[in-house]
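Chain and residue survey
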Amino acid sequence: MPKLEDKWNEVIRRAETTDALFCIFKKRGEKIQFFASKESQLTDYFTNTDGFILSSFEDNELKMIPKNISLDFDSAEDVAIFDSYIKQRQKLNLKSKTDSSTSAEVYERSFDTVMQKLKSKKAAKIVLSAKQNIQTEKSVFDIFTNIASKDSYEFAYLLHLSNGETWIGCTPEILLQKKSGSYSTISLAGTISNDGKQKWHEKEIREQQVVTDYITERLNEIKANITVGTTYSKAAGLIQHLCTDISFTSTESLSTLIRLLHPTPAVLGYPTSPALSAIKNAESHKRELYSGVVGFQSASTDEADIFVNLRCGKINKNSITLFAGGGIMPDSTKENEWNEVQMKFESIKKTFFE
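Residues numbered from 1 in each chain as written. Predicted model: local features only at pLDDT ≥ 70, side-chain atom pairs only at ≥ 80, totals over all residues. Heavy atoms only, no water.

Moving on: the pairing of strand E1 (residues 21-27). Of all 7 residues that make up E1, 6 are buried, and the element is covered over most of its length. Here E1 runs beside strand E2 (residues 33-37); their pairing, made up of 5 bridges, is antiparallel. Residue pairing across strands places Ile-24 opposite Phe-34, the latter belonging to E2. Between the end of E1 and the start of E2, which pair antiparallel, lie 5 residues, with Gly-29 showing a positive phi angle near 80 degrees. Examined bridge by bridge, E1 and strand E8 (residues 155-160) share 6 bridges and lie antiparallel to one another. Following the sheet pairing, Phe-25 is matched in E8 by Tyr-157. (Buried < 20%, exposed > 50% of the residue type's maximum accessible area, 1.4 Å probe, protein only. Helix = DSSP H or I, 4+ residues; strand = E, 2+ residues; numbered from the N terminus. Pairing = 2+ DSSP bridges.)

Grouped together as the largest cluster of nonpolar side chains are 103 residues, with contacts concentrated most on Phe-22, Phe-52, Phe-82 and Leu-176. If you tally residues by element for this core, the top one is helix H4 (residues 140-150), at 6 residues. Apart from the residues within four sequence positions on either side, Phe-22 is in contact with Ile-12, Ala-15, Phe-34, Phe-35, Ala-36, Ile-65, Phe-82, Leu-158, Leu-159 and His-160. (Core = buried A, V, L, I, M, F, W, Y, C linked by side-chain atoms within 4.5 Å. Contact = heavy atoms within 4.5 Å.)

It is worth spelling out the sheet that holds strand E13 (residues 239-249) at this point. Taken in spatial order, the 9 strands of this open sheet run E3-E5-E4-E15-E16-E10-E11-E13-E12, and their pairing is antiparallel. Across the chains shown, the open sheet's two edge strands, defined by having one partner strand only, are strand E3 (43-44) and strand E12 (225-236). Bridging between strand E10 (residues 174-179) and strand E16 (residues 303-308) involves 4 bridges; their strand directions are antiparallel. Note on E16: the bridge partner recorded for Leu-176 is Ile-306. Against the sheet, helix H5 (residues 202-221) contacts strand E11 (182-193), E12 and E13, and its axis sits at roughly 165 degrees relative to E11. Sitting on the sheet, helix H8 (residues 334-353) touches E11, E12 and E13, and the angle it makes with E11 is about 115 degrees. (Axes fitted to C-alpha atoms, helices over the stretch in contact; angles between N-to-C directions.)

Mapped onto the fold, Ser-37 is located in strand E2. One polar contact links Ser-37 to Asn-68, side chain to side chain, over a distance of 3.2 Å. Beyond its immediate stretch of four places on either side in the chain, Ser-37 contacts Leu-21, Ile-65, Pro-66, Asn-68, Tyr-85 and Arg-89. (Polar contact = N/O pair within 3.5 Å; in protein donor to acceptor, adjacent residues only side chain to side chain.)

This next bit is on the pattern of salt bridges. What the rule picks out here adds up to 27 salt bridges. Between Arg-206 and Asp-331 there is a salt bridge, and its shortest N-O distance comes to 2.6 Å. Taken together, the positions of Arg-206 in helix H5 and Asp-331 in the loop between strand E18 (319-328) and H8 put the pair 125 residues apart, joining distant regions of the chain. Note on Arg-206: relative accessible area 30%, which makes it partly exposed. Here Lys-350 ties to Glu-354 by a salt bridge, and the two come within 3.0 Å at their closest N and O atoms. Judged by its relative accessible area of 58%, Glu-354 is exposed. Each of Glu-10, Arg-14, Asp-83 and Lys-87 takes part in a single network of salt bridges with overlapping partners. (Salt bridge = Lys/Arg side-chain N within 4 Å of Asp/Glu carboxyl O.)

Let us now look at the layout of surface pockets. If you add up the space inside the largest pocket, you get close to 840 Å³. Elements with a contribution of two residues or more to the lining of the largest pocket: H4 and strand E17 (312-316). Among the elements that make up the lining of the largest pocket, the one with the highest residue count is E17 (3 residues). When grouped by side-chain class, the residues that make up the lining of the largest pocket number 4 nonpolar, 11 polar and 10 charged. Space inside the second largest pocket adds up to approximately 340 Å³. Residue composition of the lining of the second largest pocket, by class: 5 nonpolar, 5 polar and 6 charged. (1 Å grid on protein atoms, 1.4 Å probe; cavity = no way out; pocket = protein on both sides within 12 Å on 5 of 7 lines; lining within 4 Å. Points joined across faces, edges and corners; volume = space filled by probe spheres on them. Nonpolar A, V, L, I, M, F, W, Y, C, P; charged D, E, K, R; others polar.)

Our focus in this paragraph is unusual backbone geometry. Residue His-262 is joined to Pro-263 through a cis peptide bond whose omega torsion reads 0 degrees. Structurally, the position occupied by Pro-263 is in the loop between helix H6 (254-261) and strand E14 (269-270). That bond from Tyr-270 to Pro-271 is cis: its omega, -10 degrees, falls within 30 degrees of zero. Residue placement: Pro-271 occurs in the loop between E14 and helix H7 (272-282). Backbone geometry places Asn-60, a non-glycine residue, at a positive phi of 55 degrees. Position of Asn-60 relative to the elements: it lies in the loop between strand E4 (51-55) and strand E5 (63-66). The class of Asn-60 is partly exposed, set by a relative accessible area of 23%. Phi at Asp-151 takes a positive value of approximately 50 degrees, unusual for a residue other than glycine. As for its position among the elements, Asp-151 is in the loop between H4 and E8.

Nothing here speaks to function; it is geometry throughout.
In structure tokens:
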């Protein structure tokens, strides 16, 4: 008789071929949550609805997967419930796609475009991303359970959209958490290996300070009561980042605060307008959900956990396209920045597959 885990694996494989709208996610130290929506597509964001919140980098428009059908991985009965749900969904005629990777040559040209903007002093920091397509026979369910078992990131998720897209990720970056009427966020930037052999340099320290300054400036605009902690090293798989905890109180709504803070210089750069213009000119690919927003809100408890979508991948047939990026400063070098992005890809692959 198939094990319960095998049953879930099989039914989720079939769900991927339909317009099913569902999400599976886990906060660090907490239990896996799993629910599906009866909606035919993503809905607009609503304050009084329990659900999964997301937005792409390009649109930055909040959408939701409403929580209609709650499911439990420990329940054999829920396998049958989910199976019944996907039988009612539309079967999709999905075409196999072969995605490409960002080559070193393409990255170097993008780096040069970004550096021109930095040298002209029109921007102080610009985040340049890349993608890497790798072949895999592992199911998304197996990848997600592997990530979740390690519990080494702030948030892990598996997301299937009604257009047939499947995304998976594990992010270290908290954008906004709401609990007991108070909010918290972090300033996360700068990257070195987590092998204990590297030390923080002035470039990484300044890169992270730009993010801290931006967040506090934005919060001061709405007269929030802010507390800024001391900066420390935060491990995330094979790498580590500089991190500063920031807590605050505000009368503004959750959606207003998300739009106020996102995208931060950690995924965009600074100032916002010239950094965004440089990214559009330099990057040869769409970021889509990468460096957008993912998370969950509970209207019943008035709590929310919202994250920046880093360390993620888009599932293709027998392959996955990974996304990663790094902050470019005026004193950055091509070799160092390319190596940093490759180090992030290696960290993602280790977390996903080993």
